[in-house]
Amino acid sequence: DSGVTQTPKHLITATGQRVTLRCSPRSGDLSVYWYQQSLDQGLQFLIQYYNGEERAKGNILERFSAQQFPDLHSELNLSSLELGDSALYFCASSVVGGTSGYNEQFFGPGTRLTVL
Amino acid sequence: QKEVEQDPGPLSVPEGAIVSLNCTYSNSAFQYFMWYRQYSRKGPELLMYTYSSGNKEDGRFTAQVDKSSKYISLFIRDSQPSDSATYLCAMRGYGGATNKLIFGTGTLLAVQP
C-alpha cells in the first residue's frame, strides 16, 4: 500500500457525461500528479499540482481539468466524455514538486474509467 | 517519435532465467532513470532508480544506464513467478520546476514455473 488513495475504483458512464476522480496523497506529500494509462499509449503525464497550485501540464485535453484543495487532496474532472477516454487514471504524490535531487513518486491504485 | 521507446513484449521465460528489459530514449536532458513494476490491476511501484550513467544493484535486480547510447536496461536474475508483471521504465530531467515522469509503454513479463 503506497498510502495514496483514489476513488472510485471503477467508473462506468456514457459518452457526453462528466465525471470526477478523487485522489488523496500520502501524508506529508505536497505534490500530486495525474497520469492516464491506455493500452496503446502507456502512462501519460496529464498534470501536476504543488501545494494547491498548478506546476506542470502534459498532454491534458481541454475537456479535462484538475485542482488541488487546501487539504491537498486533488480532483480530476473529465467532461464531454468520449469512447477514447476509457483508460486507467492514476494519481501519484511526492514530497516536493521539482528539485535537483531525486524525489520518488508514489502511485495510487488507479480509477478504471469505462465510457460506453 | 516517442521520447521513450520500450518493447511491449510479451516476454515469457522459465523460472530461474535471467531477464533483460530495455528502453531507449531521445531526450539527452534525462538524468534520472527509474524502473517501475506494475501488477495487473494495481498501481506502478518503484523498483529502482539510477542517476546519470552507471549500474545499480538491488538483490536480484540490476539497473544499467548508458547515456552515450541513450539506452537503459533492467536485469532480473533467478526470475520467479512472482516477478510476472508489467515493467515500466521512466525518466526525468535534472532540476526545474516539475518532477513529471516520462514513461515507456511497459513490457509484460511472464515467468513460467
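Here's a quick rundown of the structure. What you see is a predicted model, and the numbers here were worked out from it, not measured in a lab.

### Regarding the sheet that holds strand β6 (residues 54-58) of chain B
All names here are of chain B. Strand order across the open sheet formed by five strands is β1-β3-β8-β7-β6, with antiparallel pairing between neighbours. Here the strands that pair on one side only, and so sit at the sheet edges, are β1 (4-6) and β6. Sheet twist, expressed as the mean angle between neighbouring strand axes with direction ignored, is 15°. The pairing of β1 with strand β3 (residues 19-25) spans three bridges and is antiparallel. The partner of E5 across the bridge, within β3, is T24.

### Overview of the pattern of salt bridges
Residue and element names in this part refer to chain A. Throughout the structure, instances matching the rule amount to six salt bridges over all chains. As a salt-bridge pair, D29 and R26 come within 2.9 Å of each other at their nearest N and O atoms. D29 sits in the buried class, given a relative accessible area of 1%. The structure contains a network of salt bridges with shared partners spanning R63, E82 and D85.

Thresholds applied
Residues numbered from 1 in each chain as written. Chains lettered and ligands numbered in written order. Predicted model: local features only at pLDDT ≥ 70, side-chain atom pairs only at ≥ 80, totals over all residues. Heavy atoms only, no water. Pairing = 2+ DSSP bridges. Helix = DSSP H or I, 4+ residues; strand = E, 2+ residues; numbered from the N terminus. Axes fitted to C-alpha atoms, helices over the stretch in contact; angles between N-to-C directions. Salt bridge = Lys/Arg side-chain N within 4 Å of Asp/Glu carboxyl O. Buried < 20%, exposed > 50% of the residue type's maximum accessible area, 1.4 Å probe, protein only.

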